[in-house]
Amino acid sequence: MELQVKTLDGAEAGTITLSDEIFGLEPRADLIQRVVNWQLAKRRAGTHKVKGRSEIARTGKKMYKQKGTGGARHGSQRAPIFRGGGRAHGPVVRSHAHDLPKKVRALGLRHALSAKAASASLVVIDQAVASVPKTKALQAQFDKLGFVNVLVIGGAEIDANFRLAAGNIPNVDVLPVQGINVYDILRRQVLVLTKDAVDALEARFRAEA
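Residue positions are counted from 1 within each chain, in the order its sequence is given. Thresholds applied to this predicted model are a pLDDT of at least 70 for local features of residues and 80 or more for the giving and counting of side-chain atom pairs; totals over whole chains, interfaces and linings are not thresholded and use all residues. As a convention, hydrogens and water are excluded, and side-chain values are obtained from all of the structure's heavy atoms.

The protein chain goes by Large ribosomal subunit protein uL4 in an unreviewed UniProt entry, where it is assigned to Siculibacillus lacustris. Its UniProt record, at the heading Subunit (unreviewed entry), says of the protein chain: "Part of the 50S ribosomal subunit." UniProt positions are given in the numbering used here, feature names are shortened, and annotations may be inferred rather than shown by experiment.

Student: Help me out: how do you make sense of the side chain of S76 in this one?
Tutor: Going along the chain from the N terminus, every DSSP run of H or I of four or more residues is numbered as a helix, and every run of E of two or more is numbered as a strand. Positionally, S76 belongs in the loop between α2 (29-43) and α3 (102-118). Since its relative accessible area comes to 12%, S76 is described here as buried. In what follows, a contact means two residues having at least one pair of non-hydrogen atoms within 4.5 Å. The residues contacting S76, other than those within four sequence positions of it, are R53, M63 and F82. Throughout this description, buried means an accessible area under 20% of the type-specific maximum (1.4 Å probe, protein chains only), exposed means over 50%, and partly exposed covers the range between.

Student: What am I meant to see in α2 here?
Tutor: Helical geometry note: an α-helix holds 3.6 residues per turn, so side chains three or four residues apart project in the same direction. The span expected for a helix works out to 1.5 Å for each residue beyond the first. Its 15 residues place the ends of α2 21 Å apart at the C-alpha level, agreeing with the 21 Å of an ideal helix rising 1.5 Å per residue. Taken together, the buried positions of α2 are occupied by L31, I32, V35, V36, W38, Q39 and A41. Buried residues belonging to α2 abut α3 and α6 (182-187).

Student: Mind showing me how you'd approach the sheet that holds strand β2 (residues 12-17) here?
Tutor: Each strand in a sheet pairs with another by means of backbone hydrogen bonds, the pair being arranged parallel or else antiparallel. Two strands pair under a simple rule: DSSP has to find at least two bridges between them. An order of β2-β1-β3-β6-β4-β5 is seen for the six strands of this open sheet, with the pairing classed as mixed. Of all strands in the sheet, those bounded by a partner on one side alone are β2 and β5 (172-175). Here the strands of the sheet are splayed against their neighbours by 30 degrees on average, with no regard to which way each runs. With four bridges joining them, strand β4 (residues 150-153) and β5 adopt parallel strand pairing. Following the sheet pairing, V152 is matched in β5 by V174. Of the strands in this sheet, β1 (2-6), β2, β3 (122-125), β4 and β6 (190-194) touch helix α7 (residues 195-208), which is tilted by about 85 degrees from β6. Axis definition: a line fit to C-alpha positions, over the contact stretch in the case of helices; interaxial angles, taken between N-to-C directions, run 0 to 180 degrees.

Student: What exactly am I supposed to notice about the environment of E157 here?
Tutor: Position of E157 among the secondary structure elements: in the loop between β4 and α5 (160-166). Distance from E157 to F23, taken between C-alpha atoms, is 23 Å for residues 134 residues apart in sequence.

Student: Looking at this structure, how should I read helix α4 (residues 135-145)?
Tutor: For α4, every residue scored as buried is listed here: L138, Q141, F142 and L145. Down the axis of α4, the buried side of the element spans an arc of 100 degrees, and every buried residue falls inside it. Residues of α4 that are exposed and angled more than 90 degrees away from the buried face: K136, D143 and K144. Phi turns positive, to about 80 degrees, at G146, one or two residues after α4. Arc definition: it is the arc formed by the directions from the helix axis to the C-beta atoms.

Here is the structure:
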């Protein structure tokens, strides 16, 4: 797959050949959904908690005698049916994370990248570097390129000035190539990769093959 390389100023900077094994697959929504669900499950705090009947600070003495009162039989004021009693089957602190095979996670990333390429929402730039950490200057460059809702993936390290300038622009995320993930790719309309990011991704998938 041939793609035009652009600069942040909107000029052309040659072409790049993208691997069909990474960017040319037929996107499978089921794989992408599995990876997104796995990511979001890991992100959940799982700290929701209510008190069960064993944690309620009330006496454990029997409320009244078993028979002869004309009412239902009860043994504890901590029971869930009473006001102030414990919660029955309530949420407890737990982890929502679940396992997902490494090969499935890698395949989901490939399909997410291919989905962006197939929808013409993938842009390759020569580098993500800013001479000064000025949001206004970077916003003007993004306006030239038509970037409104975008995820920028740089090389192993993000240029400090670029990161600071992009930090104040709404709907713009900047990540190093190590942090690329399916959920962030899908939540932004346009995926922008630097040439370094493309090289790193292809090397990564070659090593995993």
